[in-house]
Amino acid sequence: MKHFNKIATLAGLTAVSFSFGNNKDALKRPNIIFIMADDHAFQAVSAYGGPLKEYAPTPNIDRIAKNGMRFDRCLVTNSLSGPSRAVILTGKYSHLNGFLSNEAKEFDGSQQTFPKLLQQAGYTTAIIGKWHLGSNPTGFDHWEVLPGQGNYYNPDFITPEGRHREEGYVTELITEKCIEWLSQVKDEGKPFMLMMHHKAPHREWQPAPNELTLYKDVTFPEPPTLFDDYSNRGRAAREQDMTIAKTMRLQEDLKLYKDPVKGKNVGLNRMNPDQAATWDSVYNPIIRKFYANPPEGDELVRFKYQRYMQDYLACIAAVDKSVGRILDFLKETGLDKNTIVIYTSDQGFYLGEHGWFDKRFMFEESYRTPLLVKWSGVTPHGSVNKNIVSNLDFAETFLDIAGVKIPSDMQGMSMVPLLKGKKTPNWRTEHYYHYYEYPAVHSVKRHYGISTERFKLIHFYYDIDEWELYDLQTDPMEMKNVYNDPEYSEIKKDLHKRLDNLMKKYGDSEELAKSFLPGQR
Ligand code: SGN
Ligand code: CA
């Protein structure tokens, strides 16, 4: 309670006590709006700078950074959708929350989660959008989620009443549903917590009718490692199946359908005649041009990269608009003063770095996820935090914000002191990662590892036994494994020790990992 009052004072609120009841005069605990996109790379958030900034800005998402805090090293514990979502809900690593891979199928919703604890503390809670955890959501007063990955056009939604289809584009529908829910609960006198989970910009990157032509004629800068040959690294980088060159599909991913019959599995057949006509008016000329004179070799890779970026970034443009609508709504209703807004993604993503798309690896582009937080009166405007934070910390942070005691079995740290811009000498200086989904789509081998600010030690195990060590300072693009370089022998020894300690601390081990079969929980 004491801690909460301190936050309240910092937030510029005057009351000194609060109750869990409906007393409108009592101090209101902050509302929380957690906005999460799916596969939104930090390289494609203009608040982070980078070469795409000039080409595809995200002005609304950037408003959160401008009026709040940008986290430059938010690391996920397991770079994949379902596992990331389970970590966020529970504040626990995958081996404890039981959702190790997307193939785990059903999240055990009977376990402790932060929405349940917020609910018990008097919050009204909701989740709208992508859920991807198989079982029905628990701990939410209101939920309306996409089945599995969901569809971009005219998607189905699942509610406690069952499944129904809605006309429209998924990002816009989710936004409208969120605004409708916020309008309903805003005057109920209870604090609320909303998780707005977008499907976009997940593969197969289908932009909204409004954004179909946005980047059609734009040529984006290529990443320097687009033609990576994976020399100086191990088998894991060489044997993956996620290159733009080989894995990315001309038809489903890049929409270069030879005949007008749209792929059933990618949901384009769900379009109504108007949507289909708009779509065809944009893609048919691109298709005709491509097949009239198809590029080959490196030129084909370059072409595919551009097509990929045009659609991926157009999907993000709709997400950015969605964020703008939420921020505007908060401002118009005055809710902005006492509502914390978080923007993040379930993991990072490769935008052609190492020649890749997708995620899963402990290399920076998929290990790091964007994180921007706006908390009026608390987070210094336009501030930048360089600490290692993690999606493991979100649950703890939200509970702390709400003045709820953090259960001792949660494994992350409350970011509240960081959000206040305080000096935090005891903050973590290392982070533990563990990815399991193998053998599976994209063939990224199982691995675990430790990252410090400067170094990264990774163990690829299961069907191989290879260690890799990267020096992020001398090799920020992670192109050279220095594990066997004698110059790094002391660092290597130290990292091994720290990794062992971290695994013990979190209750993980290679033996435990090997006991999980593919697809097992
Ligand atoms: C689908 C995608 C994969 C992607 C996984 C997991 N293929 O299987 O490319 O890695 O989802 O993504 S697709 O052709 O169906 O789009 S996750 O973000 O949900 O973990
Ligand atoms: Ca994802």
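Cut-offs applied
- Residues numbered from 1 in each chain as written.
- Chains lettered and ligands numbered in written order.
- Predicted model: local features only at pLDDT ≥ 70, side-chain atom pairs only at ≥ 80, totals over all residues.
- Heavy atoms only, no water.
- Axes fitted to C-alpha atoms, helices over the stretch in contact; angles between N-to-C directions.
- Helix = DSSP H or I, 4+ residues; strand = E, 2+ residues; numbered from the N terminus.
- Parallel < 35°, antiparallel > 145°, perpendicular 65-115°, else oblique.
- Left-handed = near helix turned anticlockwise from the far one by under 90°.
- Contact = heavy atoms within 4.5 Å.
- Nonpolar A, V, L, I, M, F, W, Y, C, P; charged D, E, K, R; others polar.
- Near = heavy atom within 4 Å.
- Polar contact = N/O pair within 3.5 Å; in protein donor to acceptor, adjacent residues only side chain to side chain.
- Areas by Shrake-Rupley, 256 points an atom, 1.4 Å probe, with all protein chains shown as cover.
- Pairing = 2+ DSSP bridges.
- Salt bridge = Lys/Arg side-chain N within 4 Å of Asp/Glu carboxyl O.
- Core = buried A, V, L, I, M, F, W, Y, C linked by side-chain atoms within 4.5 Å.
- Buried < 20%, exposed > 50% of the residue type's maximum accessible area, 1.4 Å probe, protein only.

Student: Outline the packing of helix 6 (residues 170–185) against helix 9 (residues 297–333), supporting the account with residue identities and numerical values.
Tutor: Their axes nearest at 9 Å, the elements helix 6 and helix 9 cross at an angle of 15°. Regarding the angle of helix 6 to helix 9, the classification is roughly parallel. Considering only the axes of helix 6 and helix 9, their crossing is right-handed. Facing helix 6, whose interface residues are Thr171, Thr175, Glu176, Cys178, Ile179, Leu182 and Ser183, helix 9 presents Ala318, Val319, Ser322, Arg325, Ile326 and Phe329. In terms of residue class, the contact of helix 6 with helix 9 is made up of 7 nonpolar, 4 polar and 2 charged.

Student: Any details on the site of ligand 1? Residues and values, ideally.
Tutor: Neighbouring residues of ligand 1: 18 residues in total, closest Arg203, Arg249, Asp358, Arg360 and His442. Between an oxygen atom of ligand 1 and a side-chain N or O atom of Asp358, the distance comes to 2.6 Å. When isolated, ligand 1 has an accessible area of 460 Å², and the protein chains bury 84% of it. Among the residues forming the shell around ligand 1, the class breakdown is 1 nonpolar, 7 polar and 10 charged.

Student: Which residues make up the sheet that holds strand 12 (residues 430–435), and what values go with them?
Tutor: With antiparallel pairing, the 4 strands of this open sheet are ordered in space as 12-13-14-15. Two strands bound the open sheet, and with one partner strand each, they are strand 12 and strand 15 (466–471). Strand-to-strand twist across the sheet, computed as the mean angle between neighbouring axes with direction ignored, equals 15°. Bridge analysis of strand 12 against strand 13 (residues 447–452) gives 6 bridges, and the strand direction is antiparallel. Within strand 13, the residue paired with Tyr432 across the bridge is Ile450. Lying on the sheet, helix 13 (residues 489–506) is in contact with strand 12, strand 13, strand 14 (455–460) and strand 15; it crosses strand 13 at an angle near 115°.

Student: Give a description of the pattern of salt bridges that names residues and reports values.
Tutor: This model, assessed by the stated rule, comprises 40 salt bridges. A cluster of three or more residues bridged by salt bridges with shared partners is formed by Asp39, Asp358, Lys359, Arg360 and Glu437.

Student: Got a sec to walk through the nonpolar core? Specific residues and values, please.
Tutor: If you look at the biggest cluster of nonpolar residues, it comprises 76 residues, and the most contacted ones within it are Tyr308, Met309, Tyr312, Leu313, Tyr343 and Leu351. Secondary-structure elements contributing two or more residues to this core are strand 1 (31–37), helix 2 (59–66), strand 3 (124–130), helix 6, strand 7 (192–197), helix 8 (273–292), helix 9 and strand 8 (339–345). The greatest single-element share of this core, amounting to 16 residues, is contributed by helix 9. Counting residues in hydrophobic clusters, the runner-up holds 45 residues, among them Leu89, Leu133, Met193 and Val378.

Student: An account of the side chain of Gln206 is requested, with residue identities and associated values reported.
Tutor: Counting through the fold element by element, Gln206 comes out in the loop between strand 7 and helix 7 (235–239). Within polar-contact distance, the side chain of Gln206 engages the backbone oxygen of Val266 at 2.8 Å. The contacts of Gln206, once residues within four sequence positions are left out, are Tyr152, Tyr153, Tyr169, Lys255, Val266, Leu268, Trp279 and Cys315.

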